[in-house]
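Residue-level structural notes
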Amino acid sequence: GDSITLDGVVKQYKGQDTPAVERLDLEIEAGDIVAFVGPSGCGKTTTLKMINRLIEPTEGRIFIGGRDVTREDPDKLRQSIGYVIQSGGLFPHWSVAKNIGAIPRVLGWDKKRIAERTEYLLDLVGLDPATFADRLPKDMSGGQQQRVGVARALAADPPVLLMDEPFGAVDPITRVRLQDSLIAIQHELGKTIVIVTHDFEEATKLGDKVLILSEGGHVEQYATPERILTD
Ligand code: ADP
Ligand code: ADP
């Protein structure tokens, strides 16, 4: 994984009286899972989307692995950052394999390499490649689709994985399974993972560190779950 540094990051949306993120300094260590938690509207999603430049910061700089990503081409940048959203975000009319291969195809990987990578990733997320590679997302459960979403985000082996409420839309039992497999993936691959959640229990279970935000992207606490739970 790569470290992520936010240096004086501000986001002021047009037409809003106050900034969504007022002035955020944050250091995420390489290989950590950091969970962003806080009430709805406190700026979690805005902050996450600024890291892969789906949203442009109004001020400040963001570094990934020491590189200033605010100076990079956003499309290139997004090919090197895995991104998982609540609904899975898969193309419904593309097979699982075609969904997972989307970014590698853009990057010009050959078919054999993409097929091997797809098989490896389906195994990793707990889906049998022989059963699922040719299936359409619409014929799969929410939890299965979310596993494919994770596999797709990991396709080009990005150092950083950003996840926005990734398990919010699945039932509680499936959610626990997905959380456990994320922890296993993290141990195997050592990615730097940022996960947005409104679920404090999920944050303390998954996070090596938990970032508690309040309105305006203010940092209330940034510490290990052990410290947060005993404070
Ligand atoms: P969270 O993810 O913590 O729920 P968000 O980052 O989505 O919070 O939103 C932070 C604040 O910014 C909220 O007040 C929200 O209404 C506002 N906001 C989010 N997106 C936009 C947008 N595209 N335009 C204007 N305001 C926005
Ligand atoms: P979240 O689950 O993060 O709270 P929201 O329901 O607040 O998501 O926002 C969903 C989408 O709407 C996001 O893309 C966000 O940028 C946009 N959005 C949120 N608040 C506003 C707003 N006040 N004005 C315009 N767009 C907004």
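Report follows, based on the coordinates. (Residues numbered from 1 in each chain as written. Chains lettered and ligands numbered in written order. Predicted model: local features only at pLDDT ≥ 70, side-chain atom pairs only at ≥ 80, totals over all residues. Heavy atoms only, no water.)

Points about helix α7 (residues 142-153)
Given a rise of 1.5 Å per residue, 12 residues ought to cover 16 Å, and the 16 Å separating the end C-alpha atoms of α7 matches this to within 8%. Burial of α7 is extensive: 9 of the 12 residues sit out of reach of the surface. What α7 keeps buried is the set G143, Q146, R147, V148, G149, V150, A151, R152 and A153. On its buried face, α7 sits against β6 (81-85), α3 (96-100), α5 (111-124), β7 (160-164) and α8 (172-189). (Helix = DSSP H or I, 4+ residues; strand = E, 2+ residues; numbered from the N terminus. Expected span 1.5 Å × (residues − 1). Buried < 20%, exposed > 50% of the residue type's maximum accessible area, 1.4 Å probe, protein only. Contact = heavy atoms within 4.5 Å.)

Here we look at the site of ligand 2
Q16, S40, T45 and K49 make up every residue found near ligand 2. In this structure, an oxygen atom belonging to ligand 2 sits 3.3 Å away from a side-chain N or O atom of K49. Split into classes, the residues belonging to the shell around ligand 2 amount to no nonpolar, 3 polar and 1 charged. (Near = heavy atom within 4 Å. Polar contact = N/O pair within 3.5 Å; in protein donor to acceptor, adjacent residues only side chain to side chain. Nonpolar A, V, L, I, M, F, W, Y, C, P; charged D, E, K, R; others polar.)

Remarks on the layout of surface pockets
A volume near 310 Å³ is recorded for the largest pocket. For the largest pocket, the lining is made up of 13 residues, of which R78, Y83, A102, I103 and R152 are closest to its centre. For the lining of the largest pocket, the secondary-structure elements that each account for two or more residues are α2 (74-79), β6, α4 (102-106) and α7. The residue inventory of the lining of the largest pocket, partitioned by class, reads 7 nonpolar, 4 polar and 2 charged. (1 Å grid on protein atoms, 1.4 Å probe; cavity = no way out; pocket = protein on both sides within 12 Å on 5 of 7 lines; lining within 4 Å. Points joined across faces, edges and corners; volume = space filled by probe spheres on them.)

Points about the packing of aromatic side chains
Counted by the stated rule, this structure contains 1 aromatic pair. Ring centres of F91 and W94 lie 4.4 Å apart, and the angle between their planes is 50 degrees; this geometry places the pair in the tilted category. Judged by relative accessible area, F91 falls into the partly exposed class, the value being 42%. With relative accessibility at 27%, the residue W94 sits in the partly exposed group. A cation over a ring is seen here: R105 above W94, with NZ or CZ 5.6 Å from the ring centre. One cation-aromatic arrangement involves K209 over Y222; the distance from NZ or CZ to the ring centre is 4.8 Å. (Phe/Tyr/Trp six-rings, centres within 6.5 Å; stacked < 30°, edge-to-face > 60°. Lys NZ or Arg CZ within 6 Å of the ring centre and 35° of its normal.)

Some points on empty space enclosed by the protein
All chains considered together, the criterion is met by 2 cavities of 30 Å³ or more. Within this model, the largest cavity holds a volume of roughly 50 Å³. Taken together, V125, R147, V150, F167, L178, S181, L182 and I185 make up the lining of the largest cavity. Elements with a minimum of two residues in the lining of the largest cavity: α7 and α8. A total of 4 residues in the lining of the largest cavity trace back to one element, the largest contributor, which is α8. Considering only residue class, the lining of the largest cavity consists of 6 nonpolar, 1 polar and 1 charged. Size it by volume and the second largest cavity reaches roughly 40 Å³. Elements with a contribution of two residues or more to the lining of the second largest cavity: α2, β6 and α7. For the lining of the second largest cavity, the class distribution of residues is 6 nonpolar, 2 polar and 2 charged.

Comments concerning the sheet that holds strand β9 (residues 209-214)
The 6 strands lie next to each other as β6-β7-β8-β3-β9-β10, forming an open sheet whose pairing is mixed. A single partner strand is all that each edge strand has here, and the edge strands are β6 and β10 (218-223). Across the sheet, the axes of successive neighbouring strands diverge by a mean angle of 15 degrees, strand direction being ignored. As defined by bridge partners, β9 adjoins β10 across 5 bridges and the pair is classed as antiparallel. Looking at β10, one finds that L211 is bridged to Y222. (Pairing = 2+ DSSP bridges. Axes fitted to C-alpha atoms, helices over the stretch in contact; angles between N-to-C directions.)

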